[in-house]
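These are the residues of each chain, in order.
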Amino acid sequence: MKKILSILSSLAVALTMNAQGAHDFKLNEVYVHTPACCDSSACKTASYVDEYGQSASWIEIENISYSTHDIRNCFLTIDPAVLDENMSAPERETHMSQIPAGDPRTSLSAKQRITFFADGNTNRGTLHLNFKLPVGESFTIYLFDGNAVDLLDSVHVEALPAGSSYARIADAEWQVLEADKVTPNAPNIAYHNDKIKEFKEKDPYGIAMTLMCMGVVFSCLILLFVFFHIFGWAMNRAAKLARVRAIRAIHEQASKVVEMAKQGTTETKGIDMETYTAVIGLALHEYFGGTHDLESGILTIQQTHTTWADKSHELRVTPQHHQAN
Amino acid sequence: MYHNTPDGYYKLSITNFQLELMLLESVSTMDFIGSKLADFLTYTGFANVEWANIIMIAVGAFFIWLAIKKDFEPLLLIPIGLGIILGNIPFKAAGLEIGLYEDNSVLNIFYQGVRLGWYPPLVFLGIGAMTDFGALIANPKLMLIGAAAQFGIFGAYMIALAMGFEPNQAAGIAIIGGADGPTAIFLSSKLSPNLMGAIAVCAYSYMALVPVIQPGVMKLLTTKEQRKIKMKPARQVSQTEKMLFPIVGLLITTFIVPSGLPLLGMLFFGNLLKESTKTTRLAKTAGSALNDIVVMLLGLTVGCSTQASEFLTLATVKIFALGAFAFIIATASGVIFVHIMNIFLPKGQKINPLIGNAGVSAVPMAARISQNEGLKADPHNYLLMHAMGPNVAGVIGSAVAAGVLLGFLS
């Protein structure tokens, strides 16, 4: 029974993991190929050819997770009809292009991207879709899970300038990238450049950066300083209070013993009263002055002469061998 | 050919044709050997060497000499020095998968730790496991000196911008001022990977030269009387405080600068392993064997990455000049900040400005310099434990600074 339960729970976990994996796929970049501008320099830099050397529109998908997932059996489409909730799964599939199984290229490792050519020609292989992206028009791309029901991601693309692409540069931020920044199968880097560019333009001497960064560094260490200053004070205070409480308790005990000794009511178990009080006095002296948890840390190198260090004690008598008879 | 003779002997008879054939065979064999040897010679370092390689090999040898003879950071300079030599052995690029930049070569696999930035956090794990933050907790105001010394980074950033570097490159170079090799490698691998080799070598070189750079600046900015200031012994720190420090430190710093998470997270993780007193074995491994392995691979691959074509450029000269400025500014700002603090501190609680230099994170070398300079001024003035406070604060400060720069520019 236990075995069956563990197998079932493993299966449940495995199924959940699969679903989580699919949700880690995000549309990353879209490029619309315009045959009319193929000769222009802009289009040349942005074009990305398929296995047959043909330029076509493409859709890039990224595995945003840090583990490997397979995108096989997922669906891509630009047909808004699939949003109809009353449509059955088999009917939806007819409006979409399914990513075939059995191709190792569809297995995406962490942060890896895959590019599908929207050329309407699935006979050309796994990376080709059964639809084309409209030129000069806006459209929406939908990425569906393998059940053709769960929408994993979608993006609305306005009509793009020739040679440009539409790319995701942050989690939910998309930007039109110029031809020289189009990056099929590579990270979208426009965002990074923009930050550096912004600093270069608005803070050419680095003063703002210095003020901001020093402010942050000081903030961190001041917060740590404040915390440990207060905490250290509290710890010291607690230790002092504990010590005062202990001393008070001993004082009370000692005064009680002295009082009892004066009255002669102390049970000395046959020990002389003077000896008894002397022992109590010695114990109190040791407690208040002679004992300590923490060493003073003062070292001395002043030599004290003892018989242990006496040179005469270091002399050794040469062992005498017994003569064999 | 051998033939039987009537007297029973064999006689060797070779026709001219056969002789020619043999000669031809021997000639072709010789040709074959000759051509193969000639081909082999094209693969050797002698056939491919350039002056730049020789210069870089000399630089590597100089680093090894500094480490062995002058005892300048031998644990770092020996791997880096040998790495420089290794990376500059000339060879013919024939797809043998031997070079650092050739995919799947052994060196390339080791280099991924530098390129992808996972060696520096591992080094920070070791640093955390070896560092006692007790001196800092005992006197928390010393943390501010560690923060002030980070001005070395941003002073160098401004100079680098003025010298024409891009903001990302300037940030990668400026982090040298933190005097923290792993942080410099981490940040430059993210912001300016093409300058990483020069930045790493520069950072480690100047860290080794801390005893040469800092004392002059410290003396220049202090009077004889100030150098004699005696500081009260710090209070004893409880184990609870020590255990709490990595947790609170992690929460505060990473909530403010999440981009510093890889470095700060590993630093405080290592320290918690040490201070928890329950994971002594792990702390021991992190601080010794693991740290040693990573330092070896890091040093070697960083050295290898300084190939002549990439390293012998004007940018490298500028980086070395900026690195020196960064160290001087960092030292000076630490010392000056102590002077400013002393204005507000009551008599008897003044701080010796000689511990200001320790705000850079060259642990424990910078603190040792404070100690040595303090002893020179007063043979009974021991500053080592006081200087350890700003020194370890500098480690946190430089990691935070790197995180902020990364957050702004990446």
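Since the model is a prediction, treat every value here as computed from it, not as a measurement.

**Student:** Would you take a moment to explain the overall build of chain A for this structure?
**Tutor:** In terms of helices and strands, chain A carries seven helices and 11 strands. Of the contacts made within chain A by residues no fewer than 6 positions apart, 61% connect residues no fewer than 24 positions apart.

**Student:** What exactly am I supposed to notice about the overall build of chain B here?
**Tutor:** When its secondary structure is counted, chain B shows 22 helices and two strands. Burial analysis of chain B (410 residues in total) assigns 54% to the buried set. In chain B, 75% of the contacts between residues at least 6 apart in sequence involve partners at least 24 apart.

**Student:** Just to check I follow, could you spell out the interface of chain A and chain B for this structure?
**Tutor:** On the side of chain B, 42 residues touch chain A, which itself brings 32 residues to the contact. Of the roughly 3300 Å² buried where chain A meets chain B, counting both sides, 83% is carbon and sulfur surface. Counting across the chain A and chain B interface gives one salt bridge. Two residues, A:K200 and B:E166, come together in a salt bridge whose shortest N-O distance is 2.6 Å. Across the chain A-chain B interface, the total number found is three residue pairs in polar contact (both at pLDDT 80 or more). Mapped by element, the contributors of at least two residues to the side of chain A that touches chain B are α4 (190–202) and α5 (207–263) of chain A. Residues belonging to the side of chain A that touches chain B are distributed by class as follows: 23 nonpolar, six polar and three charged.

**Student:** Explain the packing of helix α3 (residues 51–69) of chain B against helix α4 (residues 74–87) of chain B to me, please; I cannot follow it from the model alone.
**Tutor:** All names here are of chain B. As a packed pair, α3 and α4 sit with axes 8 Å apart at the nearest point and diverge in direction by 160°. Comparing their axes, α4 and α3 come out roughly antiparallel. Crossing geometry of α3 relative to α4 is assigned as left-handed. Across from M56, I57, V59, G60, A61, F63, I64, L66, A67 and I68 in α3, the residues of α4 making contact are P74, L77, I78, I80, G81, L82, I84 and I85. Looking at the contact of α3 with α4 residue by residue, the classes come out as 16 nonpolar, two polar and no charged.

**Student:** Can you help me understand the pairing of strand β1 (residues 25–31) of chain A in this one?
**Tutor:** As a general feature of sheets, a regular strand has side chains that alternate between the two faces. All names here are of chain A. The buried fraction of β1 is high, at six of seven residues. In this sheet, strand β2 (residues 58–63) lies alongside β1 in antiparallel orientation, the contact comprising six bridges. Bridge pairing in β2 places L27 opposite I61. Here β1 runs beside strand β10 (residues 165–168); their pairing, made up of three bridges, is antiparallel. Pairing of Y31 across the sheet is with S165, part of β10.

**Student:** Where do I start with the sheet that holds β2(A) in this structure?
**Tutor:** All names here are of chain A. Reading across the sheet, the five strands line up as β7-β2-β1-β10-β11 and stay open at both edges, with antiparallel pairing between neighbours. Two strands close off the open sheet at either side, each with one partner strand: β7 (113–117) and β11 (174–177). Between one strand axis and the next, the sheet turns by 25° as a mean value, whatever way the strands run.

**Student:** Would you take a moment to explain the nonpolar core for this structure?
**Tutor:** As a rule of thumb, nonpolar side chains are buried together in soluble globular proteins. Ranked by size, the top nonpolar core spans 127 residues in total, and within it B:M143, B:F245, B:I319, B:I351, B:I396 and B:L405 carry the most contacts. In terms of residue count, helix α22 (residues 384–409) of chain B provides more of this core than any other element does, 14 residues in total. Setting aside residues no more than four positions away along its own chain, B:L405 makes contact with A:M209, A:C213, B:I153, B:F154, B:A171, B:I175, B:L187, B:L191 and B:S410.

**Student:** For this particular structure, what's the right way to read the pattern of salt bridges?
**Tutor:** If the charged atoms of two oppositely charged side chains come close together, the side chains can form a pair. All names here are of chain B. Summed over all chains, the structure comprises 12 salt bridges over all chains. Here D132 ties to K242 by a salt bridge, and the two come within 3.5 Å at their closest N and O atoms. With D132 in the loop between α6 (119–130) and α7 (134–138) and K242 in helix α15 (residues 239–256), the pair connects residues that are 110 residues apart, well separated along the chain. Among the salt bridges present, the one from R235 reaches E241, with a minimum N-O distance of 2.6 Å.

**Student:** Would you explain the confidence of the model for chain B in this entry?
**Tutor:** Mean pLDDT over chain B: 88, with 96% of residues reaching 70 or higher. Reported for the predicted complex are a pTM of 0.65 and an ipTM of 0.84.

**Student:** Help me out: how do you make sense of the packing of helix α11 (residues 181–191) of chain B against helix α12 (residues 196–208) of chain B in this one?
**Tutor:** Between two packed helices, what matters for the description is the angle formed by their axes and the separation of those axes. Residue and element names in this part refer to chain B. Between α11 and α12, the shortest axis-to-axis distance is 9 Å and the interhelical angle comes to 165°. With respect to α12, the element α11 is oriented roughly antiparallel. Viewed along their axes, α11 and α12 form a crossing whose handedness is right-handed. Residues G181, P182, A184, I185, S188 and S189 of α11 form the contact with α12, whose participating residues are M196, I199, A200, A203, Y204 and M207. The residue inventory of the contact of α11 with α12, partitioned by class, reads nine nonpolar, three polar and no charged.

**Student:** Teacher, can you tell me more about the environment of B:G356 here?
**Tutor:** Residue and element names in this part refer to chain B. Turning to its location among the elements, G356 is positioned in the loop between α20 (314–344) and α21 (365–377). Classification of G356 as buried rests on a relative accessible area of 0%. G356 has contacts with I145, T331, G334, V335 and V338, leaving out every residue within four places of it along the chain.

**Student:** Mind showing me how you'd approach the packing of aromatic side chains here?
**Tutor:** The relation between two aromatic rings is expressed through the spacing of the ring centres and the mutual angle of the planes. Counting across every chain of the model gives 15 aromatic pairs over all chains. Each member of the aromatic cluster is reached from another via a ring pair, and the members are A:F227, A:F228, A:F231, B:F133, B:F245 and B:F268. In this arrangement the basic side chain of B:K318 is found over the ring face of B:F165, its NZ or CZ atom lying 5.6 Å from the centre.

**Student:** Explain the pairing of β2(A) here, please?
**Tutor:** Residues and elements named next belong to chain A. Counting buried residues along β2, six of its six residues qualify, which places the element largely inside the surrounding structure. Neither face of β2 is left uncovered, since the one carrying W58, E60 and E62 and the one carrying I59, I61 and N63 both have all their residues buried. Pairing of β2 with β7 involves five bridges; the strand directions are antiparallel. Its bridge partner lying in β7, E60 is registered against T115.

**Student:** Would you mind going over the side chain of B:H386 with me for this structure?
**Tutor:** If you trace the backbone, B:H386 turns up in helix α22. Dropping the residues within four chain positions of it, B:H386 is found in contact with B:L142, B:M231, B:K232, B:P233, B:A234 and B:I355.

**Student:** What is the right way to read the sheet that holds strand β8 (residues 139–144) of chain A from this model?
**Tutor:** What links the strands of a sheet is backbone hydrogen bonding, and the strands pair in either a parallel or an antiparallel sense. Residue and element names in this part refer to chain A. Spatially, the four strands line up as an open sheet ordered β5-β4-β8-β9, and their pairing is antiparallel. Both outer strands of the open sheet, β5 (97–98) and β9 (151–157), are each paired with one neighbouring strand and no more. The sheet contact formed by strand β4 (residues 75–77) and β8 spans three bridges and is antiparallel. When the bridges of β8 are listed, L76 appears paired with L143.

**Student:** Even after reading the chapter, I still don't get a nonpolar patch on the surface, so can you show me in this structure?
**Tutor:** All names here are of chain B. On the surface, M30, F32, I33, L37, F40 and L41 cluster together into a nonpolar patch covering about 650 Å² of accessible area. If you trace the backbone, M30 turns up in helix α1 (residues 16–43). Given the relative accessible area of 56%, M30 is considered exposed.

**Student:** Would you mind going over the side chain of B:E241 with me for this structure?
**Tutor:** Mapped onto the secondary structure, B:E241 falls in helix α15. Overall, the relative accessible area of 1% leaves B:E241 in the buried class. The contacts of B:E241, once residues within four sequence positions are left out, are A:F228, A:F231, A:G232, A:M235, B:I137 and B:R235.

**Student:** How should I be thinking about the confidence of the model for chain A in this particular structure?
**Tutor:** Parts of the model with low pLDDT should not have their predicted coordinates read in detail. Residue and element names in this part refer to chain A. Residue-level pLDDT values for chain A average 77, and 72% of them are 70 or greater. For chain A, helix α2 (residues 41–46) is the element with the lowest average pLDDT, namely 51, and β4 is the one with the highest, namely 93. Confidence drops under a pLDDT of 50 for residues 13–20, and excluding neighbours within four residues, the segment shows zero contacts in the predicted structure.

**Student:** Where do I start with the environment of A:Q54 in this structure?
**Tutor:** Residues and elements named next belong to chain A. Examined against the element boundaries, Q54 turns out to sit in the loop between α2 and β2. With relative accessibility at 39%, the residue Q54 sits in the partly exposed group. Taking the C-alpha atoms as reference points, Q54 and F117, 63 residues apart in sequence, are found 9.8 Å from one another. With sequence-adjacent residues up to four places away left out, Q54 is seen in contact with Y48, V49 and R124.

Cut-offs used in this document
Residues numbered from 1 in each chain as written. Chains lettered and ligands numbered in written order. Predicted model: local features only at pLDDT ≥ 70, side-chain atom pairs only at ≥ 80, totals over all residues. Heavy atoms only, no water. Helix = DSSP H or I, 4+ residues; strand = E, 2+ residues; numbered from the N terminus. Contact = heavy atoms within 4.5 Å. Buried < 20%, exposed > 50% of the residue type's maximum accessible area, 1.4 Å probe, protein only. Buried area = accessible area lost by both parts, 1.4 Å probe. Salt bridge = Lys/Arg side-chain N within 4 Å of Asp/Glu carboxyl O. Polar contact = N/O pair within 3.5 Å; in protein donor to acceptor, adjacent residues only side chain to side chain. Nonpolar A, V, L, I, M, F, W, Y, C, P; charged D, E, K, R; others polar. Axes fitted to C-alpha atoms, helices over the stretch in contact; angles between N-to-C directions. Parallel < 35°, antiparallel > 145°, perpendicular 65-115°, else oblique. Left-handed = near helix turned anticlockwise from the far one by under 90°. Pairing = 2+ DSSP bridges. Core = buried A, V, L, I, M, F, W, Y, C linked by side-chain atoms within 4.5 Å. pLDDT = per-residue confidence, 0-100. Phe/Tyr/Trp six-rings, centres within 6.5 Å; stacked < 30°, edge-to-face > 60°. Lys NZ or Arg CZ within 6 Å of the ring centre and 35° of its normal. Patch = residues over 30% accessible without salt bridge, like charges linked within 9 Å, V, L, I, M, F, W, Y side chains within 5 Å. Areas by Shrake-Rupley, 256 points an atom, 1.4 Å probe, with all protein chains shown as cover.

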